[in-house]
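# Structural overview for review
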Amino acid sequence: MKKVIFATSNEGKMREIREILKDLEIELLSLKEAGLDLEIEENGTTFEENAIIKAKYVMELTGEIVLADDSGLEVDYMDKAPGVYSARFLGEDTSYDIKNQYIIDKLAAAKDEERTARFVCVIAAAFPNDGIVTRRADIEGVIAKEIVGENGFGYDPIFFVNEYNCTTAQLDPEQKNAISHRGKALNAMKEVIKEYL
Ligand code: IMP
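Owing to the predicted nature of the structure, the values given are computational and were not obtained by experimental measurement. (Residues numbered from 1 in each chain as written. Predicted model: local features only at pLDDT ≥ 70, side-chain atom pairs only at ≥ 80, totals over all residues. Heavy atoms only, no water.)

### Remarks on the overall build of the chain
- Scanning the chain for helices and strands turns up 5 helices and 8 strands.
- Ordered by position from the N terminus, the helices and strands of the chain form the series β-α-β-α-β-β-α-β-β-β-β-α-α.
- A principal-axis box enclosing the C-alpha atoms of the chain has dimensions of 50 × 30 × 25 Å.
- Buried positions account for 49% of the 197 residues belonging to the chain. (Helix = DSSP H or I, 4+ residues; strand = E, 2+ residues; numbered from the N terminus. Buried < 20%, exposed > 50% of the residue type's maximum accessible area, 1.4 Å probe, protein only.)

### Focus on the pairing of strand β3 (residues 65-75)
- A large share of β3 lies buried, amounting to 11 of its 11 residues.
- Here β3 shows no split at all, with I65, L67, D69, S71, L73 and V75 on one side and V66, A68, D70, G72 and E74 on the other all buried.
- Looking at chain direction, strand β1 (residues 2-6) and β3 are connected through 3 bridges and run parallel. The partner of I5 across the bridge, within β3, is V66. (Pairing = 2+ DSSP bridges.)

### Structural notes on the site of the ligand
- Residues in close proximity to the ligand total 16 residues, the closest being K13, S71, Y96, K176 and R182.
- H181 is positioned with one of its side-chain polar atoms (N or O) 3.1 Å from a nitrogen atom of the ligand.
- In isolation the ligand has 490 Å² of accessible area, and contact with the protein removes 94% of it.
- Contributing elements (two or more residues each) for the shell around the ligand: β3 and α5 (181-196).
- Sort the elements by how many residues they give to the shell around the ligand and β3 lands first, with 3 residues.
- Its residues assigned to classes, the shell around the ligand comprises 5 nonpolar, 5 polar and 6 charged. (Near = heavy atom within 4 Å. Polar contact = N/O pair within 3.5 Å; in protein donor to acceptor, adjacent residues only side chain to side chain. Areas by Shrake-Rupley, 256 points an atom, 1.4 Å probe, with all protein chains shown as cover. Nonpolar A, V, L, I, M, F, W, Y, C, P; charged D, E, K, R; others polar.)

### Describing a nonpolar patch on the surface
- A grouping of L90, I98 and Y102 is seen on the molecular surface, where their side chains present a nonpolar patch of about 260 Å² in accessible area.
- For Y102, the position within the fold is in helix α3 (residues 96-106). (Patch = residues over 30% accessible without salt bridge, like charges linked within 9 Å, V, L, I, M, F, W, Y side chains within 5 Å. Salt bridge = Lys/Arg side-chain N within 4 Å of Asp/Glu carboxyl O.)

### Side note on the side chain of S30
- By the element assignment, S30 lies in strand β2 (residues 26-30).
- Judged by relative accessible area, S30 falls into the buried class, the value being 5%.

### Focus: the nonpolar core
- Within the largest apolar cluster, 21 residues are counted, with the highest numbers of intra-cluster contacts made by F6, L21, L28, L67, I123, L186 and M189.
- At the level of elements, β1, α1 (11-20), β2, β3, β5 (116-126) and α5 are the ones that each hand at least two residues to this core.
- At 5 residues, α5 tops the list of elements feeding residues into this core.
- For L67, the residues in contact, after removing those within four places along its chain, are V4, I5, F6, A7, L21, A124, A125, M189 and I193.
- Counting residues in hydrophobic clusters, the runner-up holds 19 residues, among them L73, I103, F119 and C166. (Core = buried A, V, L, I, M, F, W, Y, C linked by side-chain atoms within 4.5 Å. Contact = heavy atoms within 4.5 Å.)

### Remarks on the packing of aromatic side chains
- Applying the stated criterion across every chain, the model contains 4 aromatic pairs.
- An angle of 85° between the planes, with centres 5.0 Å apart, marks the rings of Y96 and Y155 as edge-to-face. With Y96 in helix α3 and Y155 in the loop between β6 (132-143) and β7 (159-161), this residue pair connects regions lying 59 residues apart in the sequence.
- For Y96, a relative accessible area of 28% puts it in the partly exposed group. (Phe/Tyr/Trp six-rings, centres within 6.5 Å; stacked < 30°, edge-to-face > 60°.)

### Focus on the side chain of T8
- Structurally, T8 is set in the loop between β1 and α1.
- The class of T8 is buried, set by a relative accessible area of 8%.
- Side-chain polar atoms of T8 contact the backbone nitrogen of N10, separated by 3.0 Å.
- Not counting residues up to four positions away in its chain, the partners in contact with T8 are K13, M14, I17, S30 and L31.

Everything listed is a geometric property; what it means functionally is a separate question.
As structure tokens, then:
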């Protein structure tokens with residue numbers, strides 16, 4: 001079975017990724033499971049650049065097929081911040097309760113129609129001797145007025161999806177994967193990987 005490394009140390013993301021790719025005939029490893037303890041500097045200015053930096057670096061290090069994602073939250077009222085800086089926003093070690101409350105407070109004066117936001121995800125796949133492919137997807141929502149829900153991770157408790165009338169932290173994992181930025185980008189990438197296997 002072909003090994004595929006997913007270049008992330010984020011357990012929340014890894015859970016979602018495993019669920020989505022479970023029907024591929026691959027051995028899917030996180031960085032840790034591949035025996036790698038890396039902090040890769042994400043110094044790109046777009047989701048594409050960062051995803052490619054991570055996938056290429058680990059592919060060159062291991063010689064395996066490597067997937068990497070870069071994702072984040074764009075809040076329109078904050079000029080699309082935190083964007084590519086979502087993980088580092090207000091400091092890497094700051095809790096999401098604090099980050100989420102900060103965003104809610106920032107939007108205190110926003111009208112309902114000004115609360116639009118989206119999660120964006122770009123997946124890059126680096127194939128040894130065979131180039132790099134990216135796929136991008138997003139999910140539209142609005143910033144909730146309070147923190148709600150226990151599922152998911154990160155900004156999920158303030159990301160309200162009108163179609164479901166709840167935040168992505170109130171969806172169960174299968175529901176979130178079916179509609180999320182990461183779910184859609186990974187499903188598109190799954191087709192690319194199938195061609196390669
Ligand atoms: P990355 O590891 O550089 O892609 O960081 C992405 C960051 O964006 C995460 O640490 C979260 O803060 C945020 N983010 C991305 N996807 C999601 C999601 O599905 N739910 C909640 N927050 C997310």
